[in-house]
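# Fold and contact review
Okay, here's what each chain looks like letter by letter:
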Amino acid sequence: MLKAIIGFVVGAAAVYLLVPPAGDTEKDSNLSNSPVYLANLAVVKSMHQAHMDEDLETWSTMIADSLKWSSPEYGSVNQAGTKEDYAALMKSYQDGFDDISIQQAIYLPGLDSVTAEPDGSVRVYIHWKGTHTSSGVVAEPWYYANYDFEGGKVVAASEFMDVGGMSNYIAEAAAASESE
């Protein structure tokens, strides 16, 4: 009897997860094909390309003046950064590194944190690569970000990266090459 009940529950759960609700057949089951997501994804990719091209002017056109930004740096306050703060950090990376490139990127559609419905936001995992200008050390940090949009511009950005670990790696690698 217990096996039958467990089988019924597992079967019902599978049907619930695999079969769309009645009247929901028009809904795109692949979130990555949402037109809003695809438009916002194009903005994010263009924004990253502008960063690699060291084109802050173009990069800036994709960021809302009212941006709320969370820096990946230790001690930053969630959503306390501004567009100007974000641009200054981007400029510091562009000044501090040559040949900035993306080695791998995984882009994903974002979901509303309350409803779990697609909200047009873009999440991304990136494996960056760049040569530290003053030391010649190649750094390859991993990075995660979530971008929220309004009117085709980024209005909120939360970024995560081990900035301290990257800085320590560069210092150690530079010191090791000097001692050789």
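Details of the structure are given in the entry above.
Remember, predicted model here, so these are calculated numbers, not experimental data. (Residues numbered from 1 in each chain as written. Predicted model: local features only at pLDDT ≥ 70, side-chain atom pairs only at ≥ 80, totals over all residues. Heavy atoms only, no water.)

This paragraph deals with a negative patch on the surface. A cluster of acidic residues, Asp-53, Glu-54, Asp-98 and Asp-99, forms a negative patch at the surface. Structurally, Glu-54 can be placed in the loop between helix H2 (35-52) and helix H3 (56-61). In this structure Glu-54 comes out as partly exposed when scored by relative accessible area, which is 43%. (Patch = residues over 30% accessible without salt bridge, like charges linked within 9 Å, V, L, I, M, F, W, Y side chains within 5 Å. Areas by Shrake-Rupley, 256 points an atom, 1.4 Å probe, with all protein chains shown as cover. Salt bridge = Lys/Arg side-chain N within 4 Å of Asp/Glu carboxyl O. Lys, Arg positive; Asp, Glu negative; His and termini not counted. Charge placed at Lys NZ, Arg CZ, Asp CG, Glu CD. Helix = DSSP H or I, 4+ residues; strand = E, 2+ residues; numbered from the N terminus. Buried < 20%, exposed > 50% of the residue type's maximum accessible area, 1.4 Å probe, protein only.)

Attention now moves to the pairing of strand S5 (residues 142-150). Sheet analysis places strand S3 (residues 118-132) next to S5, joined by six bridges and oriented antiparallel. The residue of S5 that forms the bridge with Arg-123 is Asn-146. The sheet contact formed by S5 and strand S6 (residues 153-161) spans eight bridges and is antiparallel. Counterpart to Phe-149 in the pairing with S6 is Val-154. Hairpin connection, S5 to S6: the antiparallel pair is bridged by two residues, and Gly-151 has positive phi, about 60°. (Pairing = 2+ DSSP bridges.)

On the surface, Ile-106, Tyr-125 and Trp-142 cluster together into a nonpolar patch covering about 300 Å² of accessible area. Assignment of secondary structure puts Tyr-125 in strand S3. On the basis of relative accessibility, which here comes to 34%, the residue Tyr-125 falls in the partly exposed class.

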